[in-house]
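Survey of secondary and tertiary structure
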Amino acid sequence: MSDVLVPDVADLSRMLATAGAFSVPVHDVRLTPDDLDPAQIVAGDPVTSSLELGGGRGIWEITPGVVTDVERDELFVVLSGRATIAVEGGTTVEVGPGDVCLLAEGAKTTWIVHETLRKVYQAR
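Numbers given to residues run from 1 along each chain, matching the order in which its sequence is written. The predicted nature of this model means local features are confined to residues of pLDDT at least 70 and side-chain atom pairs, given and counted, to a pLDDT of 80 or more, with totals for whole chains, interfaces and linings taken over all residues. Side-chain descriptors were evaluated using all non-hydrogen atoms of the structure, hydrogens and water having been removed beforehand.

Attention now moves to the overall build of the chain. Looking only at helices and strands, the chain has one helix and nine strands in total. Only DSSP runs of H or I reaching four residues or more are called helices, and only runs of E reaching two or more are called strands; each is numbered from the N terminus. The helix and strand sequence of the chain, counted from the amino end, reads α-β-β-β-β-β-β-β-β-β. Out of the 124 residues in the chain, the part that is buried amounts to 34%. Counting contacts in the chain only where the partners sit at least 6 residues apart, residues at least 24 apart contribute 64% of the total. Taken as a whole, the chain presents about 7,000 Å² of accessible surface, with 55% of it coming from carbon and sulfur. The cut-offs for exposure are 20% and 50% of the maximum accessible area for each residue type, with area from a 1.4 Å probe on protein chains only; residues under the lower value are buried, those over the upper are exposed, and the others partly exposed. In what follows, a contact means two residues having at least one pair of non-hydrogen atoms within 4.5 Å. Using a 1.4 Å probe, accessible areas were evaluated by the Shrake-Rupley method; residue-level cover was limited to the displayed protein chains.

What follows is about the pattern of salt bridges. Side chains that differ in sign of charge can pair as their charged atoms come close. Salt bridges are identified by distance alone: a Lys or Arg side-chain nitrogen within 4 Å of an Asp or Glu carboxyl oxygen. The final tally for this structure, using the stated rule, is three salt bridges. Between Arg-124 and Asp-73 there is a salt bridge, and its shortest N-O distance comes to 2.7 Å. Taken as a pair, Arg-124 in the segment after strand S9 (108-123) and Asp-73 in the loop between strand S5 (65-70) and strand S6 (74-87) lie far apart in primary sequence, 51 residues in all. In this structure Arg-124 comes out as exposed when scored by relative accessible area, which is 70%. Residue Asp-73 is classed as partly exposed on the basis of its relative accessible area, which comes to 26%.

Relative to the assigned elements, Asp-69 resides in strand S5. Residues Asp-69 and Asp-37 lie 32 residues apart in sequence; the distance between their C-alpha atoms is 9.9 Å. Residue contacts for Asp-69: discarding those within four places in its chain leaves Gln-40, Ala-107, Lys-108 and Thr-109.

Without a salt bridge and with relative accessible area above 30%, a residue can belong to a patch; like charges are then joined within 9 Å and nonpolar side chains (Val, Leu, Ile, Met, Phe, Trp, Tyr) within 5 Å. A contiguous nonpolar surface patch, about 310 Å² in accessible area, is contributed by Leu-75, Val-100 and Leu-102. With respect to the secondary-structure elements, Leu-75 resides in strand S6.

Before going further, it helps to spend a moment on the pairing of S5. Two strands make a pair as long as DSSP finds a minimum of two bridges between them. The pairing of strand S2 (residues 41-43) with S5 spans two bridges and is classified as antiparallel. If you follow Ile-41 over to S5, its bridge partner there is Val-67. Where S5 meets S9, six bridges bridge the pair, whose relative direction is antiparallel. Along S9, the bridge assignment pairs Gly-65 with Val-113.

Below, the structure is given as C-alpha cells:
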C-alpha cells in the first residue's frame, strides 16, 4: 500500500471550490490516529484513525475490539473489514465491504469489530 497524503481540510475546501472536484484513493490514503476515550473500550485494544474531508465527510478506520459510541446522523460505506453494530434498544447489523449503513442521531451503539474496518462517511 502506498502512503498518499491529502491536503489539510482548509486547503482541500479551497481546491474543491476552485476545481469543482477532488478524488481521494481511500485504500491508500494516510489516516491520522485519533484519541479513543478509554471509557468507550469494552474489550480488546482498538485504535481509531481518520481523515476529515470537511463538511462532515471523511474516512475512518478502527482495529479489532469492542467499543461503545453515541452516533451522529450518519451514512457510511464500508470499504474493508467487518463489524457487528448493536443499537441499544434497537437492531443489530452486520457490516462488511460494500455495505451502506445509516446511523440515527443519538443512537447508543456497541461496535464489535472483527477485522480492521475502514469506511467513508457523511455525517451531519
